[in-house]
Amino acid sequence: MKTSGKIYDRDNGTDYLNFLRFYLKYDGSVQKVAEETFVHRNTINYQLAKIKKILGNNLKTFEERFKLILAFEIKDVL
């Protein structure tokens, strides 16, 4: 059974959900995510690699990113 992002973050002491949200918000710009979160670019790249592994998704295509953007939008509405 898959767990939600909040539960994963809580159980593992991570903040992947917010990193992913920023990454999608800034259309995959690691530099903009680093500026927004005050975290070094290398750390952002490391976090993204972990997120991609967990999701089984490389986030390279619009379709892959769009599904996650849509999921965030639905979550925000509910």
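This text follows the structure it describes.
Residues numbered from 1 in each chain as written. Predicted model: local features only at pLDDT ≥ 70, side-chain atom pairs only at ≥ 80, totals over all residues. Heavy atoms only, no water.

Here we come to the overall build of the chain. Each helix and strand counted, the chain has 5 helices and 0 strands in total. Reading the secondary structure of the chain in the N-to-C direction produces α-α-α-α-α. Against the globule reference of 12 Å for 78 residues, the chain gives a C-alpha radius of gyration of 12 Å, in line with a compact fold. Taking the principal axes of the C-alpha coordinates as reference, the chain spans close to 30 × 30 × 25 Å. Sorting the 78 residues of the chain into buried and exposed places 26% on the buried side. Counting only contacts in the chain whose residues sit at least 6 apart along the sequence, the fraction spanning at least 24 positions is 41%. For the chain, the computed accessible surface area is about 5800 Å², with 56% contributed by carbon and sulfur atoms. Mean positive and mean negative side-chain charge positions of the chain (14 and 10 charges, respectively) differ by 5 Å. (Helix = DSSP H or I, 4+ residues; strand = E, 2+ residues; numbered from the N terminus. Rg over C-alpha atoms; globule rule 2.2 N^0.38 Å. Buried < 20%, exposed > 50% of the residue type's maximum accessible area, 1.4 Å probe, protein only. Contact = heavy atoms within 4.5 Å. Areas by Shrake-Rupley, 256 points an atom, 1.4 Å probe, with all protein chains shown as cover. Lys, Arg positive; Asp, Glu negative; His and termini not counted. Charge placed at Lys NZ, Arg CZ, Asp CG, Glu CD.)

Turning our eyes to something else, we now look at the pattern of salt bridges. Throughout the structure, instances matching the rule amount to 3 salt bridges. Between Arg 10 and Asp 11 there is a salt bridge whose closest N-O contact spans 3.1 Å. Side by side, Arg 10 and Asp 11 carry an identical accessibility label, which is exposed. Linking Arg 65 and Asp 27 is a salt bridge whose minimum nitrogen-to-oxygen distance equals 3.8 Å. Residue Arg 65 is located in helix H5 (residues 62-77), and its partner Asp 27 is located in the loop between helix H2 (16-25) and helix H3 (30-37); the two are separated by 38 residues in the primary sequence. Look at Arg 65 and you get buried, because its relative accessible area is 16%. (Salt bridge = Lys/Arg side-chain N within 4 Å of Asp/Glu carboxyl O.)

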